[in-house]
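Here's the letter readout for the chains.
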Amino acid sequence: MPFIRPASRQPSNSNAATMGRAAAMAVALLVAVVASAATLPGTASASPAEGIQPLSKIAVHKATVEMQPSAYVQATPSLLGEQGEDTEWVTVKYGWTYPSDDDWIGVFSPSEFNSSATCPNPWPAEEPYLCTAPIKYQYANYSANYIYWGKGSIRLQLINQRSDFSFALFTGGLHNPKLIAVSEPISFKNPKAPVFPRLALGRSHDEMTVTWTSGYDISEAYPFVEWGASVGGGAARQTARAPAGTLTFSRGSMCGEPARTVGWRDPGFIHTAFLRDLWPNKEYHYRIGHELPDGSVVWGKPYSFRAPPSPGQQSLQRVIVFGDMGKAERDGSNEYAAYQPGSLNTTDRLIEELDGYDAVFHIGDMPYANGYISQWDQFTAQVAPITARRPYMVASGNHERDWPDTAAFWDVEDSGGECGVPAETYYYYPAENRASFWYKVDYGMFRFCVADSEHDWRAGTPQYEFIEHCLSTVDRKHQPWLIFATHRVLGYSSNAWYAGEGSFEEPEGRENLQKLWQKYRVDIAYFGHVHNYERTCPMYQSQCMTSEKSHYSGTMNGTIFVVAGGGGCHLSDYTTAIPKWSIYRDHDFGFTKLTAFNHSTLLFEYKKSSDGKVYDSFTIHRDYRDVLRCVHDSCFPTTLAT
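About the cut-offs
- Residues numbered from 1 in each chain as written.
- Predicted model: local features only at pLDDT ≥ 70, side-chain atom pairs only at ≥ 80, totals over all residues.
- Heavy atoms only, no water.
- Helix = DSSP H or I, 4+ residues; strand = E, 2+ residues; numbered from the N terminus.
- Buried < 20%, exposed > 50% of the residue type's maximum accessible area, 1.4 Å probe, protein only.
- Contact = heavy atoms within 4.5 Å.
- Expected span 1.5 Å × (residues − 1).
- Bend = angle between axes of the 7 residues up to and from the residue.
- Salt bridge = Lys/Arg side-chain N within 4 Å of Asp/Glu carboxyl O.
- Core = buried A, V, L, I, M, F, W, Y, C linked by side-chain atoms within 4.5 Å.
- Arc of directions from axis to C-beta.
- Pairing = 2+ DSSP bridges.
- Axes fitted to C-alpha atoms, helices over the stretch in contact; angles between N-to-C directions.
- Disulfide = S-S within 2.5 Å.
- pLDDT = per-residue confidence, 0-100.
- Phe/Tyr/Trp six-rings, centres within 6.5 Å; stacked < 30°, edge-to-face > 60°.
- Lys NZ or Arg CZ within 6 Å of the ring centre and 35° of its normal.
- Polar contact = N/O pair within 3.5 Å; in protein donor to acceptor, adjacent residues only side chain to side chain.

## Observations regarding the overall build of the protein
Here comes step 1: For the protein, the count of helices and strands is 10 helices and 33 strands.
Here comes step 2: Going through the 642 residues of the protein one by one, you find that 61% of them count as buried.
Here comes step 3: A separation threshold of at least 6 residues defines the contact pool for the protein, and within that pool the share at least 24 residues apart is 73%.

## Observations regarding helix α4 (residues 374-387)
Here comes step 1: Given a rise of 1.5 Å per residue, 14 residues ought to cover 20 Å, and the 19 Å separating the end C-alpha atoms of α4 matches this to within 8%.
Here comes step 2: Of all the bends in α4, the greatest reaches close to 35° and is centred on A381; the proline P385 follows between one and four positions later.
Here comes step 3: In terms of burial, α4 is largely enclosed, as 13 of its 14 residues are buried.

## Let's talk about the pattern of salt bridges
Here comes step 1: By the definition in use, this model includes 34 salt bridges.
Here comes step 2: One salt bridge connects R265 with D377, and the closest N-O pair in it is separated by 3.9 Å. On the criterion of sequence distance, the pair formed by R265 in the loop between β15 (240-247) and β16 (269-275) and D377 in helix α4 is long-range, its members being 112 residues apart. Judged on exposure class, the residue R265 and its partner D377 are both buried.
Here comes step 3: One salt bridge in this structure joins D616 and R535, with 2.8 Å as the shortest N-O distance. One end of the pair, D616, is in strand β33 (residues 614-621); the other, R535, is in strand β26 (residues 533-540), and 81 residues separate them in sequence. Assigned by exposure class, D616 and R535 land together as buried.
Here comes step 4: Connected through shared salt-bridge partners, K136, K327, E329 and D331 make up one network.

## Details of the nonpolar core
Here comes step 1: In terms of nonpolar packing, the biggest core is built from 81 residues, with Y392, F446 and Y526 touching the most fellow members.
Here comes step 2: Among residues more than four places away in sequence, those in contact with Y392 are L199, A200, F322, M325, V360, H362, F379, V383, I386, T387 and Y427.
Here comes step 3: The next biggest cluster of nonpolar side chains, apart from the first, holds 33 residues, and it includes W457, L490, A525 and M539.

## Some words on helix α7 (residues 462-472)
Here comes step 1: Within the span of α7, buried status applies to Q463, Y464, F466, I467, C470 and L471. Angularly, the buried residues of α7 cover 160° about the axis, an arc narrow enough to put them on a single face. Seen from the open side of α7, the exposed residues pointing more than 90 degrees away from its buried face are P462 and E465.
Here comes step 2: Contacts made by the buried residues of α7 are with β22 (439-443), β23 (446-450), β24 (481-485) and α9 (514-519).

## Section: the sheet that holds strand β21 (residues 392-394)
Here comes step 1: One open sheet holds the 7 strands; their spatial order is β21-β20-β19-β31-β32-β33-β28, and the pairing between them is mixed. In this open sheet, the two edge strands, each paired with only one partner strand, are β21 and β28 (551-553). Within this sheet the neighbouring strands show an average axis-to-axis angle of 20°, counted without direction.
Here comes step 2: As paired strands, strand β19 (residues 317-322) and strand β31 (residues 590-596) are joined by 5 bridges and run antiparallel to one another. The residue bridging I320 from the neighbouring strand is K593, located in β31.

## Comments concerning the state of the cysteines
Here comes step 1: Within the structure shown, the criterion is met by 4 disulfides.
Here comes step 2: Between the sulfur atoms of C449 and its disulfide partner C470 the distance amounts to 2.0 Å. The disulfide joining C449 to C470 has a torsion of about -95° about its S-S bond and is therefore left-handed. Of the two residues, C449 sits in strand β23 while C470 sits in helix α7, which places them 21 residues apart along the sequence.
Here comes step 3: Using a relative accessible area of 1% as the deciding quantity, one classes C470 as buried.
Here comes step 4: Sulfur-sulfur distance for the disulfide between C537 and C544 comes to 2.0 Å. On the sign convention where negative means left-handed, the S-S torsion of about -85° between C537 and C544 marks this disulfide as left-handed.
Here comes step 5: The class of C537 is buried, set by a relative accessible area of 1%.
Here comes step 6: Overall, C544 belongs to the partly exposed group, its relative accessible area being 31%.

## Here's the deal with unusual backbone geometry
Here comes step 1: Following T76, the chain continues to P77 via a peptide bond in cis, the omega torsion being -5°.
Here comes step 2: Looking at the element boundaries, P77 is found in the loop between β2 (72-76) and β3 (79-80).
Here comes step 3: Going from E257 to P258, the amide bond is cis rather than trans, its omega being 5°.
Here comes step 4: By secondary structure assignment, the location of P258 is in the loop between β15 and β16.
Here comes step 5: The backbone phi angle of Y368 is positive, close to 55°, even though this residue is not glycine.
Here comes step 6: Within the secondary structure, Y368 is located in the loop between β20 (359-362) and α4.
Here comes step 7: Relative accessible area serves as the criterion here: at 0%, Y368 is assigned to the buried category.

## Digging into the confidence of the model for the protein
Here comes step 1: Looking at the protein as a whole, its pLDDT mean stands at 89, while 88% of the residues score no less than 70.
Here comes step 2: Per-residue pLDDT stays below 50 along residues 1-10; that stretch engages in 54 contacts with residues further than four places along the chain or on separate chains.
Here comes step 3: Low pLDDT, under 50, characterises residues 12-49; the predicted model gives this stretch 93 contacts beyond four residues in sequence or across chains.

## Section: the packing of aromatic side chains
Here comes step 1: By the definition in use, this model includes 42 aromatic pairs.
Here comes step 2: Ring plane angle 20° and centroid distance 6.5 Å describe the contact between Y533 and F604, whose orientation is recorded as stacked. Remark: F604 occurs in strand β32 (residues 601-608) and Y533 occurs in strand β26; sequence separation between them is 71 residues.
Here comes step 3: The class for F604 is buried, based on a relative accessible area of 0%.
Here comes step 4: Among the aromatic residues, ring-to-ring pairing joins F484, Y492, F504, W517, F527, F561 and W581 into one connected group.
Here comes step 5: The lysine or arginine in question, R287, covers the ring of W299, its NZ or CZ lying 3.5 Å from the ring centre.
Here comes step 6: Directly above the ring of Y615 sits K608, whose terminal nitrogen or CZ lies 4.7 Å from the centroid.

## Brief notes about the environment of S109
Here comes step 1: When you line up the elements, S109 lands in the loop between β5 (104-108) and β6 (136-139).
Here comes step 2: Look at S109 and you get buried, because its relative accessible area is 9%.
Here comes step 3: For the pair formed by S109 and S374, sequence separation is 265 residues and the distance between their alpha carbons is 9.0 Å.
Here comes step 4: Setting aside its immediate chain neighbours within four residues, S109 contacts I135, S163, D164, F165 and R265.
Here comes step 5: Here D164 takes part through its backbone oxygen, which lies 2.7 Å from a polar atom of the side chain of S109.
Here comes step 6: There is a polar contact of 2.7 Å between the side chain of S109 and the side chain of R265.

Here it is in structure tokens:
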């Protein structure tokens, strides 16, 4: 769901007036230049419930440096990750003579956050100034008695992000910050260490990809994955090394503010290796590594994964689908409770149930970084316990891609100037063109057609051709379960703003696609963007094709539409009137699970993140001939021979 008023959701090729330039975190002269308001586009009056990116609340462009002799900040320990840990807790002690209830602690990395190396050159400001936003922040009075005693102590969680850290005490609140004290820097033992592996399915069924982040450029070390088949449930006896390609991006790759300005942080290097010729369903062990010039190797942690089933293979296959999760901080920083209260619940539930599913599809709006690049590292760390063990497939959302004049279908500023670059680099997906975020995945008895709702999907476009090709080329007798997924609701949702528009969909959403869904008999069409859960009856042309609600069998004559956008970001309201096609609605955080038992039986479940219990479900029992039968708009017209 966008952090903008619904009225501003307009396609870039429409005649509607587009939104004004983002005022959030604009870089400005501290003298003689009008300061921009530290809010997101179109959200000047937004409440916390509407979901403002927490870091955008800090008016970095207004910050002044006014160091105070009585103020101090100390952080311990000074050396992190001595045993190879990539996540550590730090104790921060601070104080000064004139405490205020809006004083706050910012975590900065690199530690010299206002140096010439950190700021772009030339930087349009005069000293004193700050030119970068913190990675996270916490109010000083989070510590009891700070106001009374003028000193406090908090614990903050850090992840290895390729540079050192410092902690700064500010007074004046978030809107008029004054830097009054900075700690000595602290650092991980090896800031460049490879971290947070991310598995993804490849272009063929016998391939798994491993992507990770490090501080090593290809000129410094050779990235690779050491891997091999597990033997008797243990580690691999024989291993091979798969070389990895290396990508990164620069400030110049960003399209606007704050990604090009105060939100910029060097992303390090992103490496991807391809593990090929896998045996279906076999367990493999792997670990990521970097070989240094002297022949020594910097290793990541060891993990294992199960290879995908071959297309059509009949075995138990379980897939998780959801969208719009976001990231949150376990230390309570960044005011996450008011921004993405369900994010950690969903993450922790999926970690807890790791043995109960085989793959994950996160259909857009991942960290809601919105131009604060450091948050991509934070997100990859949050989901690492999942992504290191299960393939984690992603889709493009408005908060990954949308920015004016960048060929996005929606002329809005939801990505904070990222225009898709971090999402397309941090995660692998088997697209023919990574900038065209659409692809197909065969997983046993499933075919997933993942579309990109942030690019034009209408008839005659390259994406429309891809969608039809993906749907039409599946062999339904061997892969009976055909799933369509994209971020925005191109199908049906009784969300309040859609109802207000009278469409129950994005503008021009389903009009161009519903005949494809019907013609090729799509079982389920998944959407996110709307932060709640909703399931429809099997539908075509806005009509329920059956009165059944939980057990579907026989002739397939409509597609079930599911909104699964309750992954963790602030929740969306429904219209008060319930459409006749809406079978189940839930205003809570959760995710869905598909279980294919065989070629004839599929179980769908919706679970709440809070307790992991099933609150909605249905089954499909169908034979191959039930897919072949002609229903309205599903077969070519035929005539009897004379």
